[in-house]
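# Per-entry structural report
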Amino acid sequence: MPVAKGPQRLGGWTRLVTARPRLALLAALVLTALAVFAGSGVGDRMASGGWEAPDAESAWTTRALEREFPSSQPNVLLLIDSGAASVDDPAVAAEASRLTDRLAAEEGITGVGSYWQTHTPALRARDGHEALIAAHITGEEKDAGETLDRIAPLFDGEHGPVEVSVGGPIAVRHEMQSIIQEDLLRAELVALPVTLVLLVMVFGSAVAALLPLGVGIVAILGTNAVLRGITELTDVSVFAQNLTTALGLGLAVDYALFIVRRFREEMAAGADPRSAIGTTLRTAGRTVLFSALTVGVSLSAMLVFPQYFLRSFAYAGIAVVLLAAGAALVLLPAALMLLGPRVNALDLRHALARRRGAAVTESVTAGRGWARLATLVMRRAPVFAMATLAALVLLGLPFLGVKFGTADDRQLPESSASRVVQDHIREGFPGSPGGGLTLLARGHATPAQYTALRERIAGTEGVARVDGPVRAADSAAYSVVPEGEAVGPGAQRLVHDLRALDAPVETSVTGTAAVLVDSKSAIADRLPWAVAIIVVVTLLLVFLLTGSILIPVQAVALNALSLTAMFGAVVWVFQDGHLSGLLSFTSTGDIETTLPVLMFCVAFGLSMDYGVFLLSRIKEEFDRTGDHEGSIAFGLRHTGGLITAAAVILAVVMVAIGASRVTNTKMLGLGIALAVLMDAMVVRSLLVPSVMKVMGRATWWAPTPLRAFHRRFGLGEATAAPAAYAPAAYALSTHAAFDHAAARYAASAGTPGAAASVPAQGADGGVKSASDPGGRTTTIPGGS
């Protein structure tokens, strides 16, 4: 197949990245130091919200209410505990009134009201020993957080006959942001040394193990600097920092594992460092580029959603993928050029492995184990394919019962101060304060018309109580308390019913249930576009890599199946509450609406990452030999161990992230850890080989026009076709030499009766030649 142009192009890249390796590394060191400076304090500039759609009716109504009726949108609450006395005790009432006036006098505070001013039943606990002072902190989230930091110490604690605790939505978000930053630092302190230990176990050499870690650190610090710049332009969720750490380490390990391993293989075969780097970049380097593109596309799909929570992960993900790939393709070759054979220095396995080449090659035994597994799977391909598919579908069944909700204070640990306040309100106060709906009526209307509108609201099914209207110029606000749960199905139906009311003026509805309804609608509207972007671009990239029509479809389908266990576990564990005691979280009976979208994009991208590594090695071998089954065995033998090692290391990082005290972060970390392990250990090991075997050589088929397109524009490995492989490679010749290639793999996997067909190995572990009964000779690559 005429692909000779590839080596020339990449040869120029090899000369570029190895010309002045010391200068390249020095420049990287300087840029990393600048990134540390530029990215410092990025966590303090991030926000902890972003789940609502900013262009939705609920968001617009909330902003209008904040301007015209600030008292209807309290975001900070003072919980007044009167102890043994009643909240109506004169001494308690006097102190509470003093605190109310003091809060109203604070800068940045509007809409102050209290039970002692209004005597609203919803602001008084059922037992009569607690009541609320409510207020609204003005400004954007960062400014509101600074205001809260200033006033909280002034009010929290004992004040005469009462005990004051500060809570409310602003307090919840502010505490969530602080906890996430603390947990992220702890996760990094755990993940970095554990990752280093695992890398030493994989590589043997301590020097080689440090290289992926260096790439990861560069990617993480660089991404923090990028996010710091983006915070000057738009809101960025603090949750995105978790993805930065996880993907920075995970992808750096993935990319560096494949590049360093291929470099060591070439050095072990006798190549000089520059030639070894050239071969590495033409093969593993190109695979890294494809992987980065597929992961980046999956993450960029989140840009189509309006919620800045999702968009933030796209910002962080795209930046960290590009930086990890750039460091792996530029800095890593420069480091390998300087190290040369010393990349194997400090080999901790040398004392345990006495065989020739143990210091510079991967374990032959492990490679043969993966080849043996591939042979076993392909021998019973239909059984393995159907059994694995059935198991994955079964694991995903709980997701059919998913219920979507909104994130609230129960994301926080039970001991957190703001959650304690919210728990008291939720359990002790009537009418779920803060969980109701607000209807805003705007326009010229008479008092009688406003009263009639109130009656229509009260008569709507699902309404427990209506307060108001509160008038201001040409608008009025009604507080509506729904029956049952504040964000349950009944409350969501009520939102639609209130929006459909016949009113003499323009009306709009906001509140917790309204935000949920609008968020679900926004995601449903844009989800098809996000999925289409991911699927179409992934199909195109995998086609450019393989030249096949069926392999891209197979890759997308099997990747989607690999996520079923993650989604099933998310519902079974976090929605239904199983293992809540073991994992220390509170189940709310639903899943935050944006989390499944985020987890799909991240996990799909990572699954494609592993899929590209495996398919590229299978494709490389198929181009050399034209043998379908032998290529599958070869690909699994040479990548199975590395994919598994990379998945385990990434899972360790994600579990460290998942140890967070915030439930959404816990769900994200543990869910993606499960997804990557299932993909590497089940889908890549069992499902891909069995499905490719069932599909047979038709796997590599493509129509004639697309074959021509791939020959011209394809980005597969630059490898000359074997002598026995006709230029029209996709004719899938049944030449007998291909059968000898398969026999060689079967023998290496220990297949009985295959040894007689196996040609002799060369000194580099490859097979020099083999002759078929017709006297034709073919070269079959080997080695482990």
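Residues numbered from 1 in each chain as written. Predicted model: local features only at pLDDT ≥ 70, side-chain atom pairs only at ≥ 80, totals over all residues. Heavy atoms only, no water.

## As for the overall build of the chain
Within the chain one finds 25 helices and 13 strands. A buried classification covers 55% of the 784 residues belonging to the chain. Taking contacts inside the chain between residues at least 6 apart in sequence as the whole, the part at least 24 apart equals 78%. When the accessible area of the chain is evaluated, it comes to approximately 30600 Å², of which 63% is carbon and sulfur surface. (Helix = DSSP H or I, 4+ residues; strand = E, 2+ residues; numbered from the N terminus. Buried < 20%, exposed > 50% of the residue type's maximum accessible area, 1.4 Å probe, protein only. Contact = heavy atoms within 4.5 Å. Areas by Shrake-Rupley, 256 points an atom, 1.4 Å probe, with all protein chains shown as cover.)

## A word on unusual backbone geometry
Looking along the chain, the bond that leaves Gly468 and enters Pro469 is cis, with omega of 10°. Position of Pro469 among the secondary structure elements: in strand S8 (residues 463-472). Unusually for a residue other than glycine, His119 sits at a positive phi of about 55°. With a phi angle near 60°, Ser584 is a residue other than glycine that sits in the positive phi range. Tracing the backbone shows Ser584 in the loop between helix H20 (580-583) and strand S11 (591-592).

## Topic: the pattern of salt bridges
Under the counting rule described, the total for this entry stands at 30 salt bridges. Between Arg617 and Glu265 there is a salt bridge, and its shortest N-O distance comes to 3.6 Å. Of this pair, Arg617 sits in helix H21 (residues 595-625) while Glu265 is found in helix H9 (residues 240-268), placing the two residues 352 residues apart along the sequence. An identical accessibility class is assigned to Arg617 and Glu265; each is buried. (Salt bridge = Lys/Arg side-chain N within 4 Å of Asp/Glu carboxyl O.)

## Things to note about the sheet that holds strand S9 (residues 475-482)
Strand order in this open sheet of four strands is S8-S9-S7-S10, and the pairing throughout is antiparallel. The strands lining the two open edges of the sheet, one partner per strand, are S8 and strand S10 (506-511). Between one strand axis and the next, the sheet turns by 20° as a mean value, whatever way the strands run. Pairing of strand S7 (residues 437-442) with S9, which is carried by six bridges, proceeds in the antiparallel orientation. By the bridge assignment, Leu440 is partnered in S9 with Ala477. Strands S7, S8, S9 and S10 of the sheet are contacted by helix H16 (residues 489-499), whose axis makes an angle of about 5° with S7. Helix-sheet contacts for helix H17 (residues 512-546) involve S7 and S10, and the interaxial angle to S10 is about 95°. (Pairing = 2+ DSSP bridges. Axes fitted to C-alpha atoms, helices over the stretch in contact; angles between N-to-C directions.)

## What to know about a nonpolar patch on the surface
Together, Leu23, Leu26, Leu29, Val30, Leu31 and Leu34 make up a nonpolar patch on the protein surface, roughly 610 Å² of accessible area in all. Secondary-structure assignment places Leu26 in helix H2 (residues 21-39). (Patch = residues over 30% accessible without salt bridge, like charges linked within 9 Å, V, L, I, M, F, W, Y side chains within 5 Å.)

## Overview of the pairing of strand S5 (residues 162-167)
Strand residues, when the strand is regular, have side chains that alternate between the two faces of the sheet. As defined by bridge partners, strand S1 (residues 76-81) adjoins S5 across five bridges and the pair is classed as antiparallel. Note on S5: the bridge partner recorded for Leu77 is Gly167. Linking two consecutive strands that pair antiparallel, namely strand S4 (residues 157-159) and S5, is a turn of two residues; a positive phi of about 60° is found at Gly160 within it.

## Considering the nonpolar core
Within the largest apolar cluster, 151 residues are counted, with the highest numbers of intra-cluster contacts made by Phe239, Tyr255, Leu257, Leu336 and Leu598. With 18 residues, helix H11 (residues 308-339) is the single largest residue contributor to this core. The contacts of Leu598, once residues within four sequence positions are left out, are Met302, Phe309, Leu310, Phe313 and Leu668. By size, the runner-up hydrophobic cluster in this structure holds 34 residues, among which are Ile80, Leu103, Ala131 and Ile151. (Core = buried A, V, L, I, M, F, W, Y, C linked by side-chain atoms within 4.5 Å.)

## Details of the packing of H2 against helix H8 (residues 206-230)
Angle between the axes and distance between the axes: these two values describe a pair of packed helices. Between H2 and H8, the shortest axis-to-axis distance is 8 Å and the interhelical angle comes to 40°. With respect to each other, H2 and H8 are oriented oblique. Seen from above, H2 lies across H8 with left-handed handedness. On the side of H2, the interface is formed by Thr32, Ala35, Val36, Ala38 and Gly39, while H8 contributes Val218, Leu221, Gly222, Asn224, Ala225 and Arg228. (Parallel < 35°, antiparallel > 145°, perpendicular 65-115°, else oblique. Left-handed = near helix turned anticlockwise from the far one by under 90°.)

## A few points about the sheet that holds S4
Judged by pairing direction, the sheet is antiparallel, and its five strands sit side by side in the order S2-S3-S1-S5-S4 without closing on themselves. The open sheet is flanked by strand S2 (109-114) and S4, the only strands paired with a single partner. With strand direction ignored, the average angle separating the axes of adjacent strands in the sheet is 25°. Relative to S2, helix H4 (residues 90-104) is tilted by about 165°, and along the sheet it contacts S1, S2, strand S3 (130-137), S4 and S5. Packing against the sheet, helix H14 (residues 417-428) makes contact with S1, S3 and S5, and its axis sits at approximately 105° to S5.

## Remarks on the packing of aromatic side chains
Under the criterion given, the structure shown has 12 aromatic pairs. Ring centres 3.9 Å apart and planes at 20° place the aromatic pair Phe258 and Phe613 in the stacked group. Taken together, the residues Phe258 in helix H9 and Phe613 in helix H21 connect sequence positions 355 residues apart. Across the pair, Phe613 and Phe258 agree in class, each one buried. Their ring planes at 70° and their centres at 5.1 Å tell us that Phe309 and Phe313 sit as a pair that is edge-to-face. Residue Phe309 and its partner Phe313 are located together in helix H11, separated by four residues, close to a single helical turn. Its relative accessible area of 1% is what places Phe309 among the buried residues. Three or more aromatic residues joined by ring pairs form one cluster here, namely Trp51, Phe239, Phe309 and Phe313. (Phe/Tyr/Trp six-rings, centres within 6.5 Å; stacked < 30°, edge-to-face > 60°.)

## Looking at the packing of H17 against helix H24 (residues 704-713)
Remark: H17 packs on H24, axes separated minimally by 9 Å, with the N-to-C direction vectors making an angle of 80°. It follows from the interaxial angle that H17 and H24 lie roughly perpendicular. Mapping the contact onto sequence places Phe543, Leu544, Leu545 and Thr546 in H17 and Leu706, Phe709, His710 and Phe713 in H24. Of the residues that constitute the contact of H17 with H24, the class distribution is six nonpolar, two polar and no charged. (Nonpolar A, V, L, I, M, F, W, Y, C, P; charged D, E, K, R; others polar.)

## Quick look at helix H10 (residues 273-300)
Where H10 bends most, at Leu281, the angle is about 45°. Of all 28 residues in H10, 21 are buried, a share of seventy percent or more. Two to three positions downstream of the cap, the backbone nitrogen of Arg274 sits 3.1 Å from a side-chain oxygen, assigning the N-cap of H10 to Asp272. (Bend = angle between axes of the 7 residues up to and from the residue. Polar contact = N/O pair within 3.5 Å; in protein donor to acceptor, adjacent residues only side chain to side chain.)

## Points about the pairing of S7
Of all the six residues making up S7, five are buried; the element is thus mostly covered by neighbouring parts of the structure. Bridging between S7 and S10 involves six bridges; their strand directions are antiparallel. Bridge pairing in S10 places Leu440 opposite Ser508.

## Some remarks on H16
Those residues of H16 not exposed but buried are Ala491, Gln492, Leu494, Val495 and Leu498. All buried residues of H16 fall inside an arc of 155° around its axis, so they share one side. Exposed and facing more than 90 degrees away from the buried side of H16 are Pro489 and Arg493. (Arc of directions from axis to C-beta.)

## Topic: the side chain of Gln554
When you line up the elements, Gln554 lands in helix H18 (residues 550-562). Apart from residues lying up to four places away in sequence, Gln554 is in contact with Val688, Val691, Met692 and Met695.

## A few points about the confidence of the model for the chain
For residues with low pLDDT, the predicted coordinates do not support detailed interpretation. Of all residues in the chain, 86% have pLDDT values of 70 or greater, and the mean over the chain is 82. Ignoring residues within four places in sequence, the model shows residues 1-10, a span with pLDDT below 50, making 20 contacts including any to other chains. Predicted confidence for residues 354-365 stays below pLDDT 50, and this span has 19 contacts to residues more than four positions away or in other chains. (pLDDT = per-residue confidence, 0-100.)

## Structural notes on the environment of Leu494
Examined against the element boundaries, Leu494 turns out to sit in helix H16. Residue classification places Leu494 among the buried residues on the basis of a relative accessible area of 0%. Taking the C-alpha atoms as reference points, Leu494 and Gly462, separated by 32 residues in sequence, lie 6.2 Å from one another. Every residue in contact with Leu494, bar those within four places of it in the chain, is listed here: Leu437, Thr460, Glu461, Gly462, Val463, Val480 and Pro482.

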